[in-house]
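Structural features, examined
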Amino acid sequence: MRKQEVSALLIGRFQPFHNGHLEVIRTISKQCDRLIVGIGSAQLSHTFENPFTAGERHLMISRALHDEGMDNFFLVPMVDINRYAIWVAHVASLVPPFQDVYSNNPLTRRLFEEAGYEVRSAPLFDRAVYSGTEIRKRIISGKEWEHLVPKGVAETIHEVHGDQRLKDITKEYSREVTI
Ligand code: ATP
Ligand code: MG
């Protein structure tokens with residue numbers, strides 16, 4: 001029989017996955033045998049808040065974690081169900097069994113705690129710049145952003161022309177608003 005392994009779950013939208021997320025994963029992976037990363041709001045893409053598809057996010061995270069030398073992880077896209085009362089059951093139905101959940105989001109913490117999971121806090125790393133919103137704003141305004149994300153993430157965004165997509169959709173939105 002296999003020894004009991006501790007699996008930890010981290011959920012985010014990862015729009016995009018950045019160095020703050022990677023730092024959290026470095027910390028978490030010291031405290032578990034297996035990491036599960038839930039790619040939240042998987043159905044969303046092509047908006048300012050959620051520019052990248054679940055598949056693109058899957059690719060960027062897997063490249064970043066492989067470059068980090070990790071192999072014991074699962075990346076699981078999760079679509080929103082918009083029913084908080086059954087959200088934990090939905091998540092549990094999608095991923096391998098897990099014991100610990102890492103989140104700073106009060107609602108996520110509450111829902112998993114109520115369901116009996118061990119919920120741990122993850123420290124925030126240089127939040128002023130390691131933030132999805134900040135990185136998306138930088139991409140749009142043509143500022144440097146590549147140094148804020150792992151190499152595999154920048155490569156993926158360039159490959160799918162995600163930087164141009166973000167600029168285009170933001171321009172299209174502002175045009176819609178002014179018309
Ligand atoms: P956005 O600005 O689009 O909300 P984000 O940077 O907050 O992006 P999320 O995908 O929303 O990224 O976050 C997923 C998880 O990663 C959250 O639990 C969040 O607390 C954590 N996280 C985000 N940024 C950092 C950071 N700089 N250091 C540590 N953890 C972070
Ligand atoms: Mg966030």
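Residues numbered from 1 in each chain as written. Chains lettered and ligands numbered in written order. Predicted model: local features only at pLDDT ≥ 70, side-chain atom pairs only at ≥ 80, totals over all residues. Heavy atoms only, no water.

**Topic: the pattern of salt bridges**
Overall, the coordinates contain 12 salt bridges when judged by the stated rule. Measuring nitrogen to oxygen at the nearest pair gives 2.5 Å for the salt bridge that ties Glu23 to Arg26. Residue Glu23 and its partner Arg26 are located together in helix α1 (residues 19–29), separated by three residues, close to a single helical turn. Two residues, Arg120 and Asp100, come together in a salt bridge whose shortest N-O distance is 3.5 Å. Of the two residues, Arg120 sits in strand β5 (residues 118–120) while Asp100 sits in strand β4 (residues 100–102), which places them 20 residues apart along the sequence. Residue class for Arg120 comes out partly exposed when judged on its relative accessible area of 32%. Looking at Asp100, the relative accessible area reads 7%, which means it is buried. Connected via shared salt-bridge partners are Glu23, Arg26 and Glu68. (Salt bridge = Lys/Arg side-chain N within 4 Å of Asp/Glu carboxyl O. Helix = DSSP H or I, 4+ residues; strand = E, 2+ residues; numbered from the N terminus. Buried < 20%, exposed > 50% of the residue type's maximum accessible area, 1.4 Å probe, protein only.)

**Structural notes on the sheet that holds β4**
Read across the sheet, five strands follow the order β3-β2-β1-β4-β5 without closing on themselves; strand pairing throughout is parallel. Edge positions in the sheet fall to β3 (73–77) and β5, since each has one partner strand and no second. Across the sheet, the mean angle from the axis of one strand to that of its neighbour is 25°, orientation sign disregarded. Here three bridges tie strand β1 (residues 7–12) to β4, and the two strands are oriented parallel to one another. Bridge assignment links Leu10 to a residue of β4, and that residue is Tyr102. Together, β1, β2 (34–39) and β4 form the strand contacts of α1, whose direction differs from that of β1 by roughly 165°. (Pairing = 2+ DSSP bridges. Axes fitted to C-alpha atoms, helices over the stretch in contact; angles between N-to-C directions. Contact = heavy atoms within 4.5 Å.)

**As for helix α2 (residues 54–67)**
Between the first and last C-alpha of α2 there are 20 Å, a value that for 14 residues agrees with the 20 Å anticipated at 1.5 Å per step. Buried within α2 we find Ala54, Glu56, Arg57, Met60, Ile61, Ser62, Ala64 and Leu65. Positive phi appears at Gly69, one or two residues downstream of α2, with a value of about 85°. (Expected span 1.5 Å × (residues − 1).)

**Section: the nonpolar core**
Counting 33 residues, the largest nonpolar core has Phe17, Ile25, Ile28, Leu35, Ile61 and Leu65 as the members making the most contacts within it. Elements supplying a minimum of two residues to this core: β1, α1, β2, α2, β3, α5 (132–141), α6 (151–159) and α7 (162–178). Every residue in contact with Leu35, bar those within four places of it in the chain, is listed here: Ala8, Ile25, Ile28, Leu65, Met70, Asn72, Phe73 and Phe74. Residues Ile36, Val76, Val101 and Leu111 belong to the second largest nonpolar core, which totals 13 residues. (Core = buried A, V, L, I, M, F, W, Y, C linked by side-chain atoms within 4.5 Å.)

**Comments concerning the packing of α2 against α6**
Helices that pack against each other are described as a pair by the angle of their axes relative to one another and the distance between those axes. Viewed as axis vectors pointing N to C, α2 and α6 meet at an angle of 150°, and their least axial separation amounts to 8 Å. For the element pair α2 / α6, the angle class is roughly antiparallel. α2 and α6 meet at a crossing whose hand is right-handed. Along the contact surface, α2 presents Glu56, Leu59, Met60, Arg63, Ala64 and Asp67, while α6 presents Gly152, Val153, Glu155, Thr156, Ile157 and Glu159. Its residues placed into classes, the contact of α2 with α6 shows five nonpolar, two polar and five charged. (Parallel < 35°, antiparallel > 145°, perpendicular 65-115°, else oblique. Left-handed = near helix turned anticlockwise from the far one by under 90°. Nonpolar A, V, L, I, M, F, W, Y, C, P; charged D, E, K, R; others polar.)

**Here we look at the packing of aromatic side chains**
Counted by the stated rule, this structure contains five aromatic pairs. Ring plane angle 75° and centroid distance 6.2 Å describe the contact between Phe98 and Phe112, whose orientation is recorded as edge-to-face. Placement of the pair is Phe98 in the loop between α3 (87–94) and β4 and Phe112 in helix α4 (residues 106–114), with a sequence separation of 14 residues. Of the residues examined, Phe98 reaches a relative accessible area of 7% and is grouped as buried. Between Phe98 and Tyr117, the aromatic rings sit 4.5 Å apart at their centres with planes inclined by 5°, giving stacked as the arrangement. Placement of the pair is Phe98 in the loop between α3 and β4 and Tyr117 in the loop between α4 and β5, with a sequence separation of 19 residues. Judged by relative accessible area, which is 22%, Tyr117 ranks as partly exposed. What links up through ring pairs into an aromatic cluster is the set Trp87, Phe98, Phe112 and Tyr117. (Phe/Tyr/Trp six-rings, centres within 6.5 Å; stacked < 30°, edge-to-face > 60°.)

Such coordinate-based values are descriptive only and should not be taken to indicate function.
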